[in-house]
Each structure stands twice: as C-alpha cells, then as structure tokens.
Amino acid sequence: MIVAPGTSVALTPDPNSKIKIVITTPMQHFYEEHVTLLDARDFEGLVRTHYQPDAQVMSNDYQVRGHDELIRHFAKYTGLMAYLQVISTDKWVEGDSTFAFEATARTQWGVGRVHDAFWLRDGLIVRHFTGAIPATRFLR
Amino acid sequence: MRISFTVNQQPHTVEVEPRVLLVDLLRDHINLTGTKVGCDSGQCGSCVILKDGISVKSCALLGVQADGAAITTIEGISPAGTMNPLQVAFQAAHAVQCGFCTPGMIISLTDLLVTIPHPTEHQIRAWLAGNLCRCTGYENVVRAVNAAQQIAASEAHFLPMSAMRHFYDSYVGVLNGSDLTALVERYSPDAVLTTFEGIVTGHEAIRSYFEDGRMGAENAIIATEKFIEFGDSIYTESSVRTAHGLAHTYHAFVVQDGLITHQFAGVK
C-alpha cells in the first residue's frame with residue numbers, strides 16, 4: 001500500500017467481518033510505523049528498517065527485490081500516484097509471522113479497495129504482496 | 001512389458017502388451033478418453049498428444065514407445081475446470097462444431113504456438129494439414145489461433161508452462177478434486193495459511209481448514225485470470241464457483257523446495 005502526505009489511517013472494522021481488530025498488537029504497531037514512514041516519504045528508512053535485504057514486493061504491475069530496488073520503487077510509485085488516502089482498514093488479520101489487511105482508499109482515480117499481505121522473518125518483511133481492484137471499476 | 005512414464009505430470013507404471021497403441025493405452029488403461037480415435041491410421045489427427053512437448057499422433061506410436069516420456073493429453077493442457085488461452089479462443093471464436101477433432105486440434109496448435117509464437121495464416125493452415133475436421137470448420141479455427149495469441153499476450157505467459165505454473169495448475173487440479181491428502185502434501189509441514197477467517201499453521205490445521213467445505217466441485221477455481229510469478233512467489237486472481245455463486249479471489253503463495261510455505265487468500 002502506498003500513501004502520501006495527508007494520509008489518515010482509520011482502523012474501522014468491517015461490520016460483516018468476524019475478525020476483531022485489535023489496535024495495539026505488535027503487528028499493528030509495525031503497520032502504523034510503516035504508514036508513518038511512507039507518509040513522511042522516508043523510503044530509505046522504510047526499506048532499511050522494515051524489509052529484509054532479500055525482501056520481495058509483488059503486485060500485478062511490478063515485482064521488485066532487494067533494498068535498492070525497493071527504495072527506487074517506492075519513490076517512483078508514490079510519485080506516479082499523486083496521492084492515496086486510506087479511508088478505512090476494513091479487514092485485518094495477524095499471526096506470529098504474517099499479517100494482512102484490506103483497506104478502502106481514495107486515489108486520484110476514485111475510491112477503491114486495496115489488499116496487502118506480509119510475511120515477516122525476524123521482525124522484518126521478507127515477502128509483501130499487494131493488489132487493488134482496478135481503478136476503472138471503482139470510479140465514483 | 002512394464003513401462004514408466006508421466007501423463008499430465010502424474011507418474012504411471014503399467015504393464016502393457018507390446019502391440020498396444022499409445023492411444024489405446026491412454027484411453028483404455030489410464031482412462032483418459034479426451035484423446036479421440038478417428039481413423040486409427042495416422043491420417044486424421046484426432047489422437048494428437050504431446051510427447052516430451054512435441055505433438056505426435058498417438059495412434060501411430062506403440063504404448064511401449066512412451067517409456068520414460070512425459071505425455072500431455074487434452075485433459076492436462078490446463079488445470080481441471082480452467083481453460084488456457086487457446087481453449088478460451090476456441091470457445092470465443094466458435095471454432096468447435098461437433099467437437100471430435102477439437103482435442104487433437106488444441107494439442108497440435110499448442111505445439112504450433114510454442115514452435116512459432118506468431119504464425120501467419122499460411123503457417124497455421126499448413127500446420128493443420130495433419131488435423132482433419134469433418135465439419136470443415138477451419139475458418140474459425142484459424143481465427144481462434146489469432147485470438148489466442150492476443151489472449152496469451154495479455155496474460156504474459158503461454159505454454160510451455162514454467163515450473164511454478166505447473167505447480168499452481170497441479171495445486172488447482174487437486175483443490176478442485178477431492179483428494180485432501182494430496183492437497184495437504186502441497187504444503188510444507190510448518191506452512192502458514194493466512195485468510196481473513198484466521199491463520200492456520202501446519203498440516204493438521206490446513207487439513208481441517210480444507211475439510212470444512214473449501215475444496216472440490218462445490219468450491220472450484222474455474223478460471224485463473226491473473227497469474228504472476230516472481231522468484232519463489234506466485235500471485236493469482238481467480239474466479240471461484242461457490243454454493244453462493246461466483247466469487248473473485250486473490251491468492252499469494254511462497255513456494256520453496258516444491259512446497260507452499262506461506263499462502264494468503266482473500267475475496268475481492
């Protein structure tokens with residue numbers, strides 16, 4: 001998930017979800033720190049403190065591996081996407097080494113859903129999968 | 001004679017008489033009847049299969065000639081319940097009339113598109129010289145081959161499939177079937193399956209998860225619209241038929257040493 005200055009993260013549970021969202025878990029703190037670093041456009045700090053050296057980020061559109069590629073990717077992708085404001089985090093699940101969420105977000109193209117999944121090794125992301133419903137399907 | 005070979009990635013060891021044709025071995029001994037017997041004399045092409053990736057007429061080979069080979073029949077050209085770009089194009093272009101020649105056509109044209117990724121109309125027609133259609137529906141078959149190239153390009157992959165694609169297709173085949181043990185064996189002993197219904201770890205928990213009505217015909221992946229692989233990871237988006245209708249799902253897998261170590265799944 002990419003965010004830009006002005007982002008707000010609202011942990012609003014989906015009323016239909018059976019998942020109870022707990023805001024104060026270690027993974028939740030990790031996620032909030034993740035968003036804060038993105039919000040500050042501190043891509044170097046984000047990648048070096050949140051991703052393993054051999055980490056991969058993968059989506060429909062791009063696949064990148066390793067710190068240097070990740071830093072360049074976050075800078076480029078955030079630049080392309082003028083802004084992305086997280087309206088709500090609708091689903092959340094976490095375990096000892098994984099967490100995933102679905103969120104509703106606003107972009108320059110409209111409001112839509114994004115989903116992200118993370119596998120962490122020794123507290124750092126080693127695999128990050130991300131996706132979205134195409135913007136054309138959620139233009140409002 | 002005892003021979004060992006793989007058919008659609010599944011190993012087989014069979015006792016077969018030396019006189020038995022490969023097409024009869026596949027149909028009568030392994031029960032894969034998608035391969036048709038038309039002329040039985042190497043003329044019509046209804047019995048074409050892939051032997052080590054090369055299209056051959058299985059009525060023109062003895063079964064024992066398959067010893068050690070990798071055979072792909074129409075049943076294995078795409079995972080159960082799904083269609084590859086060529087099959088999608090055949091359907092869309094109405095390239096099927098009575099359908100008897102279709103398995104042989106699909107297999108032959110799969111070989112064509114691997115051998116000549118962008119064939120001309122002349123090359124398509126020349127390649128099909130060994131496949132006879134008694135309905136004479138060749139025009140739409142040629143259109144389908146052209147359409148298949150566009151479909152394949154949009155998905156950025158086509159046969160021959162990568163090892164990861166083979167793994168995924170095999171996984172889907174098992175998932176769509178009801179072989180729970182074979183499905184669980186796709187996972188490493190300490191695999192982690194993360195969904196918004198919860199996280200399960202290890203074979204027993206994964207077995208329990210799938211036992212709860214999450215596999216088989218009532219919950220089948222009927223089409224994988226997106227398949228992307230990168231290193232040890234796969235990302236897919238699929239249509240799933242459920243008791244409540246069609247669902248659009250996404251899955252991410254980490255596959256190491258041939259086993260799933262991590263899987264994420266959600267519904268769009």
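Before any of the text, the structure's been laid out above.
We now turn to the structure provided with this report.

About the cut-offs
- Residues numbered from 1 in each chain as written.
- Chains lettered and ligands numbered in written order.
- Predicted model: local features only at pLDDT ≥ 70, side-chain atom pairs only at ≥ 80, totals over all residues.
- Heavy atoms only, no water.
- Contact = heavy atoms within 4.5 Å.
- Buried area = accessible area lost by both parts, 1.4 Å probe.
- Salt bridge = Lys/Arg side-chain N within 4 Å of Asp/Glu carboxyl O.
- Polar contact = N/O pair within 3.5 Å; in protein donor to acceptor, adjacent residues only side chain to side chain.
- Pairing = 2+ DSSP bridges.
- Helix = DSSP H or I, 4+ residues; strand = E, 2+ residues; numbered from the N terminus.
- Phe/Tyr/Trp six-rings, centres within 6.5 Å; stacked < 30°, edge-to-face > 60°.
- Buried < 20%, exposed > 50% of the residue type's maximum accessible area, 1.4 Å probe, protein only.
- Lys NZ or Arg CZ within 6 Å of the ring centre and 35° of its normal.
- Expected span 1.5 Å × (residues − 1).
- Axes fitted to C-alpha atoms, helices over the stretch in contact; angles between N-to-C directions.

### Focus: the interface of chain B and chain A
Listed as interface residues are 27 residues of chain B and, on the opposing side, 28 residues of chain A. Each partner contributes to the roughly 2,200 Å² buried at the junction of chain B and chain A, and carbon and sulfur atoms together form 68% of this total. Interface area lost by chain B to chain A is led by Phe196(B), Phe230(B) and Phe264(B), which between them contribute 34%. Viewed at the interface, chain A and chain B are joined by one salt bridge. For Asp232(B), the salt bridge goes to Arg127(A), with nearest N and O atoms at 2.8 Å. At the boundary of chain B with chain A, the tally comes to seven residue pairs in polar contact (both at pLDDT 80 or more).

### Description of the pairing of strand 7 (residues 198-201) of chain B
Summarising the sheet, strand 6 (residues 187-195) of chain B and strand 7 of chain B pair through four bridges and their orientation is antiparallel. Bridge pairing in strand 7 of chain B places Leu193(B) opposite Val200(B).

### Re the packing of aromatic side chains
One pass over the full model with this rule turns up 16 aromatic pairs over all chains. Between Tyr187(B) and Phe210(B), the ring centres sit 6.2 Å apart and the planes meet at 45 degrees, which makes this aromatic pair tilted. Of this pair, Tyr187(B) sits in strand 6 while Phe210(B) sits in helix 8 (residues 203-211), and the two are 23 residues apart along the sequence. A single burial state applies to Tyr187(B) and to Phe210(B), both of which are buried. Taken together, a centroid distance of 5.1 Å and an interplanar angle of 85 degrees make the contact between Tyr209(B) and Phe210(B) edge-to-face. When its relative accessible area of 15% is taken as the criterion, Tyr209(B) is described as buried. The aromatic ring of Phe230(B) is capped on one face by Arg65(A), whose charged end is 4.4 Å from the ring centroid.

### Notes on the pattern of salt bridges
Residues and elements named next belong to chain A. In the structure shown here, the tally under the stated rule is twelve salt bridges over all chains. Note that Asp68 and Arg48 form a salt bridge whose closest N and O atoms lie 3.4 Å from each other. You can see Asp68 sitting in helix 3 (residues 67-80) and its partner Arg48 sitting in helix 2 (residues 43-50), a full 20 residues away along the chain. When salt bridges that share partners are traced, they join Asp90, Lys91, Glu102 and Arg113 into one network.

### Digging into the environment of Thr73(B)
Residue and element names in this part refer to chain B. Structurally, Thr73 is set in the loop between strand 5 (70-72) and helix 2 (85-92). Residue Thr73 is classed as buried on the basis of its relative accessible area, which comes to 0%. Distance in space between the C-alpha atoms of Thr73 and Gly104 is 9.0 Å, their sequence separation being 31 residues. There is a polar contact of 2.6 Å between the side chain of Thr73 and the side chain of Glu75.

### Notes on helix 3 (residues 102-115) of chain B
Between its first and last C-alpha, helix 3 of chain B extends 20 Å over 14 residues, near the 20 Å set by a 1.5 Å rise per residue. Buried residues of helix 3 of chain B: Thr102(B), Pro103(B), Gly104(B), Met105(B), Ile106(B), Ile107(B), Ser108(B), Leu109(B), Thr110(B), Asp111(B), Leu112(B) and Leu113(B), and no others.

### Observations concerning the sheet that holds strand 1 (residues 2-7) of chain B
To summarise the sheet geometry, strands pair through backbone hydrogen bonds and adopt either a parallel or an antiparallel arrangement. Residues and elements named next belong to chain B. As summarised here, the arrangement of the five strands in space is 2-1-5-3-4, forming an open sheet in which the pairing is mixed. The sheet is open, and its two edges are formed by strand 2 (10-15) and strand 4 (54-57), each paired on a single side. Strand-to-strand twist in this sheet, taken as the mean axis angle between neighbours without regard to direction, amounts to 40 degrees. Direction of pairing for strand 3 (residues 48-51) relative to strand 4: antiparallel, over a ladder of four bridges. Residue pairing across strands places Leu50 opposite Ser55, the latter belonging to strand 4. Sheet strands in contact with helix 1 (residues 22-29) are strand 1, strand 2, strand 3 and strand 5, and its direction is about 75 degrees off that of strand 1. Docked against the sheet, helix 3 engages strand 3, strand 4 and strand 5, running at close to 40 degrees with respect to strand 3.

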